[in-house]
Amino acid sequence: MAEQRVSYTLDSTLETVDSAEEKATNIATELGFGEDEVMQISMAVREGTVNAVLHGNAYDPHKKVTLAFERKSEELVITIRDQGKGLDLSKIPNPLAPENLLKTSGRGIFLMRSFMDVVEIRPSKTGTELKLIKHVHGTSAGGKEASQ
Amino acid sequence: MSMKISSRQVDGVTIVDCSGRITLGEGSVMLRDSVRELLAKGQKKIVLNLADVNYIDSSGIGELVSAFTTAKNQGGELKLLNLTKKVHDLLQITKLYTVFDVKEDETAAVKAFK
């Protein structure tokens, strides 16, 4: 796979979420990922973009979401940045804990971790940067996280 | 494909046939409104038929949980029917599969209500 990078600057809207998912589906398919992996990548991008649009930028029309896909020799690297207040990872509850099972939200990051090989979340003063990596021949079980 | 919902009655049980995507936005709102409308009308035995739901995100999962708990809190009962593999797998990894009463056969789902 030839190395290539493409990035988009997107509005903080629900349409952006669908658009990001569609872009991820197309790129993952072009790169030859299998059907299940394409679904996992597109869902991880969807969840990451939802977090950027809703929780990061809070639908603020003046704030943008940047989405980048980088094709490397053995992996697909996806970066999603927002311009929000930043994310406090310590306040994100475990959605699998019995007391949280019936909560109606809080599963987005868990799904990303489940579907991607690497999930990095870097809060900053200018927002949050989320990096999602899927290895071409990697396993998707139990995404590793390297935060900060 | 956006979401479509229709409902029908079978032996006192409301079968809600869903198709398309249950995702943040329209899909989740439609499901929420449909379930709340049924409960408001006193139709408290509800089966969500998800046979034609080909995609669900974390918001959609949250909406299923909300429908389940809302029905329960109002003295009703909500079951899931005909999960696609994708939805089944998502409920497995989120540990919700055993929370919901999941059926694979409509007749059995209807009979399962007390």
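See the structure shown above.
Bear in mind that the values here come from a model prediction, so they are computed numbers and not experimental data. (Residues numbered from 1 in each chain as written. Chains lettered and ligands numbered in written order. Predicted model: local features only at pLDDT ≥ 70, side-chain atom pairs only at ≥ 80, totals over all residues.)

Caption draft 1: Here's a closer look at the overall build of chain B. A count of helices and strands for chain B gives four helices and five strands. Its helices and strands in sequence order give chain B the pattern β-β-α-β-α-β-α-β-α, from N to C terminus. Here chain B has a C-alpha radius of gyration of 13 Å; the compact-globule value for 114 residues is 13 Å, and the two agree. With respect to the three principal axes, the spread of C-alpha positions in chain B is 30 × 25 × 25 Å. (Helix = DSSP H or I, 4+ residues; strand = E, 2+ residues; numbered from the N terminus. Rg over C-alpha atoms; globule rule 2.2 N^0.38 Å.)

Caption draft 2: Fine view of the pairing of strand β4 (residues 77-81) of chain B. Residue and element names in this part refer to chain B. Of all five residues making up β4, four are buried, and the element is well covered by its neighbours. The pairing of strand β3 (residues 45-56) with β4 spans five bridges and is classified as parallel. Counterpart to I46 in the pairing with β4 is L78. Handedness of the crossover is the feature at issue here: the chain leaves β3, passes through helix α2 (residues 58-73), returns alongside β4, and the resulting connection is right-handed. Bridge count for β4 against strand β5 (residues 101-103) is three bridges, and the pairing is parallel. Residue pairing for β5: L81 is matched across the bridge by K103. Handedness of the crossover joining β4 and β5 through helix α3 (residues 85-93) is recorded here as right-handed. (Buried ≥ 20, exposed ≤ 12 C-beta atoms within 10 Å, placed from the backbone. Pairing = 2+ DSSP bridges. Right-handed = clockwise from strand over helix to strand, strands pointing away.)

Caption draft 3: Representation of the packing of helix α1 (residues 26-40) of chain B against α2(B). Residue and element names in this part refer to chain B. Here α1 crosses α2 at 10 degrees, and the two axes come no closer than 9 Å. Classified by the interaxial angle, the pair formed by α1 and α2 is roughly parallel. Touching G27, S28, L31, R32, V35, R36 and L39 of α1 are S59, G60, E63, S66, A67, T70 and A71, all from α2. For the contact of α1 with α2, a count of residues per class yields five nonpolar, six polar and three charged. (Axes fitted to C-alpha atoms, helices over the stretch in contact; angles between N-to-C directions. Parallel < 35°, antiparallel > 145°, perpendicular 65-115°, else oblique. Contact = placed C-beta atoms within 7 Å. Nonpolar A, V, L, I, M, F, W, Y, C, P; charged D, E, K, R; others polar.)

Caption draft 4: A look at the interface of chain B and chain A. Taken together, the contacts link 15 residues of chain B with 17 residues of chain A. Sorting the residues of the side of chain B that touches chain A by element identifies α2 and α3 of chain B as the ones contributing at least two each. At six residues, the largest contribution of residues to the side of chain B that touches chain A is made by α2(B). Classifying every residue of the side of chain B that touches chain A by side-chain character gives six nonpolar, six polar and three charged.

Caption draft 5: View of the environment of A:Y59. Residues and elements named next belong to chain A. Mapped onto the elements, Y59 comes out in the loop between α2 (35-56) and β2 (64-71). It is 8.3 Å that separates the C-alpha atoms of Y59 and D11, two residues lying 48 residues apart in sequence. Once residues lying within four places of it in the same chain are set aside, the contact partners of Y59 are S12, V53 and L54.

Caption draft 6: Just the sheet that holds β4(B), in detail. Residues and elements named next belong to chain B. Read from one edge to the other, the open sheet built from five strands follows the order β1-β2-β3-β4-β5, with strand pairing classed as mixed. Sheet topology places β1 (4-10) and β5 at the edges, where each strand pairs with a single neighbour. With direction set aside, neighbouring strand axes in the sheet form an average angle of 25 degrees. Packing against the sheet, α1 makes contact with β1, β2 (13-22) and β3, and its axis sits at approximately 170 degrees to β2.

Caption draft 7: View of unusual backbone geometry. Despite not being glycine, A:A58 has its phi angle at roughly 50 degrees, a positive value. According to the C-beta neighbour criterion, A:A58 is exposed, with 12 such atoms within 10 Å. Despite not being glycine, B:N82 has its phi angle at roughly 55 degrees, a positive value. In this structure, B:N82 sits in the loop between β4 and α3. Assessed through the 21 C-beta atoms surrounding it within 10 Å, B:N82 is described here as buried.

Caption draft 8: Expanded view of α2(B). Residue and element names in this part refer to chain B. A rise of 1.5 Å per residue sets the reference length of α2, with its 16 residues, at 22 Å; its end C-alpha atoms lie 22 Å apart and thus fit the reference within 8%. Among the residues making up α2, those that are buried are S58, S59, G60, I61, G62, E63, L64, V65, A67, F68 and A71. One or two positions beyond α2, positive phi appears at G75, with a value near 80 degrees. (Expected span 1.5 Å × (residues − 1).)

Caption draft 9: Summary view of the pairing of strand β5 (residues 127-135) of chain A. All names here are of chain A. Sheet topology note: the strand β3 (residues 75-81)/β5 ladder contains seven bridges and is antiparallel. Residue pairing across strands places V77 opposite I133, the latter belonging to β5. Between the end of strand β4 (residues 118-124) and the start of β5, which pair antiparallel, lie two residues.

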